[in-house]
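Topology and contacts: notes
Chain by chain, the residues:
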Amino acid sequence: MGCLFSKQTRPRPPPPLPPISKPPPPPALKPLPPHPPLSEPPPLSIENTRQSPRAVDDEQPPLQSKTPKKRALLCGVSYKNSKHELKGTINDVNNMKNLLINFFGFSEDNLLILTEEKDDPKVIPTKKNIEKGLQWLVEGCRDGDSLVFYFAGHGSSVEQACSGDEIDDRDETICPLDFMTKGKILDNYINSTIVGPLKKGVTLHAIVDACHSGTILDLSHVYNLTTKEWEDNNPPSGARKGTDGGLAISISACEDHQEASDTFETKNTNGSMTYILTDLVKERQGLTYGDLFESMHVAIQDVKKDGCLPTTNFLRKMFGNTISQKPQLSSSEIFDVYNRPFQL
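The structure contained in this document is the topic of the report that follows. Every value quoted in this text rests on a predicted model; they were computed, and no experiment measured them.

1. So, the pattern of salt bridges
Taken as a whole, this structure holds five salt bridges when the rule is applied. Ionic pairing is found between lysine 69 and aspartate 145, a salt bridge with its closest N-O pair at 2.6 Å. On the criterion of sequence distance, the pair formed by lysine 69 in the loop between β1 (2–3) and β2 (70–76) and aspartate 145 in the loop between α2 (127–138) and β4 (146–152) is long-range, its members being 76 residues apart. Residue lysine 69 shares its accessibility class with aspartate 145, and that shared class is buried. In this structure, lysine 87 and glutamate 85 form a salt bridge, with 3.4 Å as the shortest nitrogen-oxygen distance. Accessibility expressed as a relative area gives 45% for lysine 87, which makes it partly exposed.

2. Re unusual backbone geometry
In this structure, tyrosine 79 takes a positive phi of about 55 degrees despite not being glycine. Tracing the backbone shows tyrosine 79 in the loop between β2 and α1 (89–104). Overall, tyrosine 79 belongs to the buried group, its relative accessible area being 1%.

3. A closer look at helix α4 (residues 187–195)
Counted residue by residue, α4 has seven buried out of nine residues, so it is predominantly covered. Those residues of α4 that sit buried are Asp187, Asn188, Ile190, Asn191, Thr193, Ile194 and Val195. In this fold, the buried residues of α4 make contact with α2, β4, β6 (170–174), β7 (185–186), β8 (203–209) and β11 (247–252).

4. Topic: the pairing of β4
Of all seven residues in β4, seven are buried; the element is thus mostly enclosed. Summarising the sheet, β2 and β4 pair through seven bridges and their orientation is parallel. The residue of β4 that forms the bridge with glycine 76 is alanine 152. In terms of strand pairing, β4 meets β8 through seven bridges, oriented parallel. In the strand pairing of β8, valine 148 is matched with histidine 205.

5. As for the sheet that holds strand β9 (residues 221–224)
Strand order in this open sheet of eight strands is β3-β2-β4-β8-β11-β12-β9-β10, and the pairing throughout is mixed. Each of the sheet's edge strands pairs with one partner strand only, and the pair in question is β3 (111–114) and β10 (229–232). When the angles between neighbouring strand axes are averaged without regard to direction, this sheet yields 20 degrees. In this fold helix α5 (residues 272–283) packs onto β4, β8 and β11, with an angle of close to 130 degrees to the strand it touches most, β8.

6. What about the packing of α1 against α5?
The contact between α1 and α5 brings their axes to 10 Å, and the two run at 20 degrees. Judged on the interaxial angle alone, α5 and α1 are roughly parallel. Seen from above, α1 lies across α5 with left-handed handedness. Every residue of α5 that contacts α1 at Asp92, Asn95, Met96, Asn98, Leu99, Phe103 and Phe104 is listed here: Thr274, Leu277, Thr278, Val281 and Lys282. Split by residue class, the contact of α1 with α5 holds six nonpolar, four polar and two charged.

7. Notes on the environment of phenylalanine 151
Mapped onto the secondary structure, phenylalanine 151 falls in strand β4. Between the C-alpha atoms of phenylalanine 151 and glycine 76, which are 75 residues apart in sequence, the distance is 5.9 Å. For phenylalanine 151, the contacting residues outside a window of four places in its chain are Cys75, Val77, Tyr79, Ile130, Ile174, Cys175, Ile207, Val208, Asp209 and Ala210.

8. A short note on the packing of α2 against α4
Between α2 and α4, the shortest axis-to-axis distance is 8 Å and the interhelical angle comes to 30 degrees. When the interaxial angle is binned, α2 and α4 end up roughly parallel. Residues Glu131, Leu134, Gln135 and Val138 of α2 lie in contact with α4, whose contacting residues are Tyr189, Ile190, Thr193 and Ile194. Along the lines of polarity and charge, the residues of the contact of α2 with α4 split into five nonpolar, two polar and one charged.

Basis of the calculations
All residue numbers refer to position in the chain's written sequence, counted from 1. Residues qualify for local features only when their pLDDT is at least 70, as the model is predicted, and side-chain atom pairs are given and counted only at 80 or more; totals for whole chains, interfaces and linings, by contrast, use all residues. Excluding hydrogens and water, the side-chain values take into account all heavy atoms of the structure. Salt bridge, as applied in this entry: a Lys or Arg side-chain nitrogen positioned within 4 Å of an Asp or Glu carboxyl oxygen. The secondary structure listing takes helices from DSSP runs of H or I that are at least 4 residues long and strands from runs of E that are at least 2 residues long, numbered from the N terminus. The classification of residues rests on relative accessible area computed with a 1.4 Å probe and restricted to protein chains. Under 20% of the type maximum is buried, over 50% is exposed, and intermediate values are partly exposed. In what follows, residue pairs with any heavy atoms lying within 4.5 Å of each other are defined as contacts. Here the rule is simple: two strands pair whenever DSSP picks up at least two bridges between them. Under this scheme, a helix contributes an axis fitted over its contacting stretch, all axes are lines through C-alpha atoms, and angles between N-to-C directions fall in the 0 to 180 degree range. Under this scheme an angle from 65 to 115 degrees is roughly perpendicular, one under 35 degrees roughly parallel, and one over 145 degrees roughly antiparallel; angles in between are oblique. In this scheme the handedness of a crossing depends on how the near helix is turned from the far one: anticlockwise by less than a right angle means left-handed, clockwise means right-handed. Under the convention adopted here, Pro, Cys and the residues Ala, Val, Leu, Ile, Met, Phe, Trp and Tyr are nonpolar, Asp, Glu, Lys and Arg are charged, and Gly plus all remaining residues are polar.

Next comes the structure, spelled out in structure tokens:
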């Protein structure tokens, strides 16, 4: 979406059933002896409790359902009234919210949305709130859960915090609203917070529309669309970056060194990657990861070549032929991208 960095520039009901005869009453039963008193009350059953995301600063964890859940953290940072202001991030969050609810069966009760759209300090995308939201996202995750982390805003790259931690010697970051005073959120923190705790059977998707976001989750494998192969992205130092048995997949707007395109029109502003992804998924349901990833690249190339794909008409109106980013696909484990359906 946007970027900041220190060394380079970023871009009707059924009929009623017939009456049935009333069954005879059951035989009388002898009363049971009284149960001995309990030393403490039995635990509260929460089998039918509906889970909803708590405010990010609540102290008690949410009640856990025994059934698999879908949960998402959606962050859109506009940096209002600053020189870093972005115009399309709330539209991007709304597009992603619509996709999750209407196409992938997420409940609005299980979405935690952080934007500057409301005055409630609990839902402003500050560093503290984003970090608490990331912790909430994976809290109590269990087999069958589907988790989504979405971020639209500025991203940057900085000199690596740990020697040998990055192949390119630079850490990727996302920029919360208060990054100028509280600092940025590094890929190392994101990895340790939402990748490392993933239990077996849990799937996490990160969709990050920001500059320098290619390896923002520090996942072990990056897919090369040209060679159709996964490339090793493990840290040279051998530091552990994997999951606790779960699967993490990231789709990011661009390579680590690239800018992500955004538009400053007064209406219908969007991040290009978010617009392309949501449009493709809505129009071509049943896409595999490979189909989606390849189609995203084709859409961007069509804009640059003045092509006529329907997806690109809106983009060309916004960006002309200036989009140069290459979306990235990374994963904590290798899988067949052209056989695995894209599913959130």
